Amino acid sequence: MSIDDTSTLSSSNKPREQDHEHENALISNLVDRYKDKLTTFPIEKGCVFGSLYMYQGFWYLSQHKLSIETLFALHETFIARPNDVYVATLPKSGTTWLKAIVFSTVNRSRYKYNCLATHPLRVSNPHKCCPFIETEFYESAPTYNDTHSPRIFGTHTPYTSLPRSIIDSGCRIIYMCRNPKDVLVSLFHFSDKVREQSGDLMKINDAFELFSKGVMPYGPYWDHVKEYNSASLERPTKVLFLTYENMKKDTANGVKRIAEFLGYPFTDEEVDQGSIEEIVKLCSFESLKEVDQKGNYHGVPNGSYFREGKVGDWTNHLTNEMCMILDQITKEKFNGLDILC
Ligand code: A3P
C-alpha cells in the first residue's frame, strides 16, 4: 500500500474477505512454524487478546497479528533501511498520536495544509499511514519494499528484542512513554472495548493485579521504558525519548524536537507561516477522533484508539491503595532515574 495514494488508504479501511483469508493463512503458517519453540515459554492470562507468552523477559501475544510468531519471523527476514523511522511505544502510551505527528512532520511538503481535506490523516486512522512492522506481514500489499522514503513504522517490541537490522542500520527511533497509572487505565478501557462483544469484561482490580506483576502485552511496563530510556542515553542521535505528559504540555515544542531529531527542521519561513501549529491541530485528539469513525485497523474499531486523551485520568479509576502500590513499584524499578515528569 503506498501512502501516496490516499484513495487506497480509505478504501483499505473496508477489510475484504480475501484479505482476511490471506491474513489467517499467514498467521496459521507462522503459528505452525514456531509452535515447538512456544511450548517452552512461561504463559500468563492476558487482559486484551488471549494469553501472553514470555520471551526474553517480555510478554507477547500469540496467534495474533501483533504476536511473538510475527516477531520471530521478523528476526529472520526483516531488513531495515538507514533512513527508516520507527515510532516505538508500549500499547496505550499515545502510539496513534505519535504516529500522526511523525507522519505529518516528515511528509509536510508532500501533503499541504491548504489541501487538508485530502491529507491522509483526514481520511485514515494514523495506523494506516504508519503501520506496525509486525502487522505488515498481513497487509495484502506490504510497504516493506515501498520505494517511498523514509518508511515510517510503528512497533511495540522492546528495544533489546528489535530485529537486529533495525539497530545495525543506524535508523532513527522515537519512543514515547506515559505515566504507568494512565497506561493501566487506558489499557483497561481498551480491553473492555475489545472484549465487549464476547461479554467477558475485566474488573479494574484484575487489570491492576496483572499490570503490577508486569503482565501486559510487551510489558513489564517498567522494563520496556527503561530499555528505551537507556538506549536514548547511549545513542542520543538515534533514539529520541519523549513523554506523553510533556507532549501534552507543549505539543508544538515536541513537534519541533521531532523534526530536528529526524533531520527535517522547520525553516524560519515555515515557523512564520504556522506550520508547527498546523501539525499540532491536524494531530490533535479532537481532529484525529473524527476521522473514519466507522473504519477499523485490523479489526479493532478506529474509535477504540481515542477515549479521553488526557493526563491524570487515573484519579477517576484507581483506588488510593492501587496508586500507592504502583508508585512504589515505579520508584523501585526506576531507582532514581529521571524518566517520568
Ligand atoms: P486514554 O485511554 O487515556 O484516553 P495508543 O495510541 O498507544 O493506543 O494510546 C491510546 C491513548 O492515547 C488513549 O488514551 C487515547 O485517548 C490517547 N490519544 C489518542 N490520540 C490522541 C491525541 N491526538 N492526543 C492525545 N492523546 C491521544
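Up top is the structure.
As the structure is a prediction and not an experimental result, all values here were calculated from the model. (Residues numbered from 1 in each chain as written. Predicted model: local features only at pLDDT ≥ 70, side-chain atom pairs only at ≥ 80, totals over all residues. Heavy atoms only, no water.)

A. Layout of the packing of aromatic side chains. With the rule as written, the count across this model stands at 21 aromatic pairs. Relative to phenylalanine 72, the ring of tyrosine 55 has its centre 5.0 Å away and its plane inclined at 90°; by these criteria the two rings are edge-to-face. Of this pair, tyrosine 55 sits in strand β2 (residues 52–55) while phenylalanine 72 sits in helix α3 (residues 68–77), and the two are 17 residues apart along the sequence. Here tyrosine 55 matches phenylalanine 72 in class, with each residue buried. For the ring pair tyrosine 60 and tyrosine 218, a centre distance of 5.5 Å and an interplane angle of 75° mean the geometry is edge-to-face. Of this pair, tyrosine 60 sits in strand β3 (residues 58–61) while tyrosine 218 sits in the loop between α9 (204–212) and α10 (221–234), and the two are 158 residues apart along the sequence. Taken as a pair, tyrosine 60 and tyrosine 218 share a single burial class, namely buried. Members of the aromatic cluster, connected to one another through ring pairs, are Tyr34, Phe41, Tyr55, Tyr60, Phe72 and Tyr218. The ring of phenylalanine 266 has arginine 108 sitting right over it, with the charged end atom 4.0 Å from the ring centre. The cationic tip of arginine 172 hangs over the ring face of phenylalanine 261; the distance from NZ or CZ to the ring centre is 5.9 Å. (Phe/Tyr/Trp six-rings, centres within 6.5 Å; stacked < 30°, edge-to-face > 60°. Helix = DSSP H or I, 4+ residues; strand = E, 2+ residues; numbered from the N terminus. Buried < 20%, exposed > 50% of the residue type's maximum accessible area, 1.4 Å probe, protein only. Lys NZ or Arg CZ within 6 Å of the ring centre and 35° of its normal.)

B. Geometry of the side chain of threonine 251. Along the polypeptide, threonine 251 turns up in helix α12 (residues 251–262). Setting aside anything within four residues of it in sequence, one finds threonine 251 in contact with Trp97, Ile101 and Val280. (Contact = heavy atoms within 4.5 Å.)

C. Focus on the nonpolar core. If you look at the biggest cluster of nonpolar residues, it comprises 99 residues, and the most contacted ones within it are Val102 and Ile258. Here this core takes seven residues from helix α4 (residues 95–106), the largest share from any one element. The contacts of valine 102, once residues within four sequence positions are left out, are Val85, Val87, Ile152, Ile174, Ile258 and Leu262. (Core = buried A, V, L, I, M, F, W, Y, C linked by side-chain atoms within 4.5 Å.)

D. Spotlight on the site of the ligand. The full set close to the ligand counts 18 residues, and Lys92, Thr95, Thr96, Ser186 and Glu308 are the nearest of them. A distance of 2.9 Å separates an oxygen atom of the ligand from a polar side-chain atom of arginine 178. Residue assignment for the shell around the ligand shows that the elements contributing at least two residues are α4 and α15 (285–290). Top contributing element to the shell around the ligand by residue count: α4, with three residues. (Near = heavy atom within 4 Å. Polar contact = N/O pair within 3.5 Å; in protein donor to acceptor, adjacent residues only side chain to side chain.)

E. Up close: the packing of helix α8 (residues 180–195) against helix α16 (residues 320–334). One way to put it is that α8 packs onto α16 with a least axis distance of 10 Å and a crossing angle of 125°. When the axes of α8 and α16 are compared, the pair comes out oblique. Residues Pro180, Lys181 and Leu184 of α8 pack against Cys323, Leu326, Asp327 and Thr330 of α16. (Axes fitted to C-alpha atoms, helices over the stretch in contact; angles between N-to-C directions. Parallel < 35°, antiparallel > 145°, perpendicular 65-115°, else oblique.)

F. Highlighting the pattern of salt bridges. For the structure shown, the criterion picks out ten salt bridges. Between aspartate 32 and lysine 35 there is a salt bridge, with its nearest N and O atoms 3.2 Å apart. Placement of both aspartate 32 and lysine 35 in helix α2 (residues 17–38) is noted, with a separation of three residues, approximately one turn of the helix. What makes aspartate 32 partly exposed here is its relative accessible area of 47%. Two residues, aspartate 327 and lysine 181, come together in a salt bridge whose shortest N-O distance is 2.8 Å. Taken together, the positions of aspartate 327 in helix α16 and lysine 181 in helix α8 put the pair 146 residues apart, joining distant regions of the chain. (Salt bridge = Lys/Arg side-chain N within 4 Å of Asp/Glu carboxyl O.)

G. Structural context of unusual backbone geometry. Here the residue pair glycine 219 and proline 220 is connected by a cis peptide bond, since its omega of 10° sits within 30 degrees of zero. One non-glycine residue, glutamine 56, lies in positive phi territory at about 50°. Owing to a relative accessible area of 46%, glutamine 56 belongs among the partly exposed residues under this scheme. A positive phi angle is found at aspartate 292, which is not glycine, with a value near 40°.

H. Region of interest: the packing of α8 against α9. It is at 10 Å that the axes of α8 and α9 come closest, and there the two elements cross at 130°. Relative to α9, α8 is oriented oblique. By crossing handedness, the relation of α8 to α9 is classed as right-handed. Residue-level contacts link Pro180, Val183, Leu184 and Phe188 of α8 to Ile204, Ala207, Phe208 and Phe211 of α9. When its residues are assigned to classes, the contact of α8 with α9 shows eight nonpolar, no polar and no charged. (Left-handed = near helix turned anticlockwise from the far one by under 90°. Nonpolar A, V, L, I, M, F, W, Y, C, P; charged D, E, K, R; others polar.)

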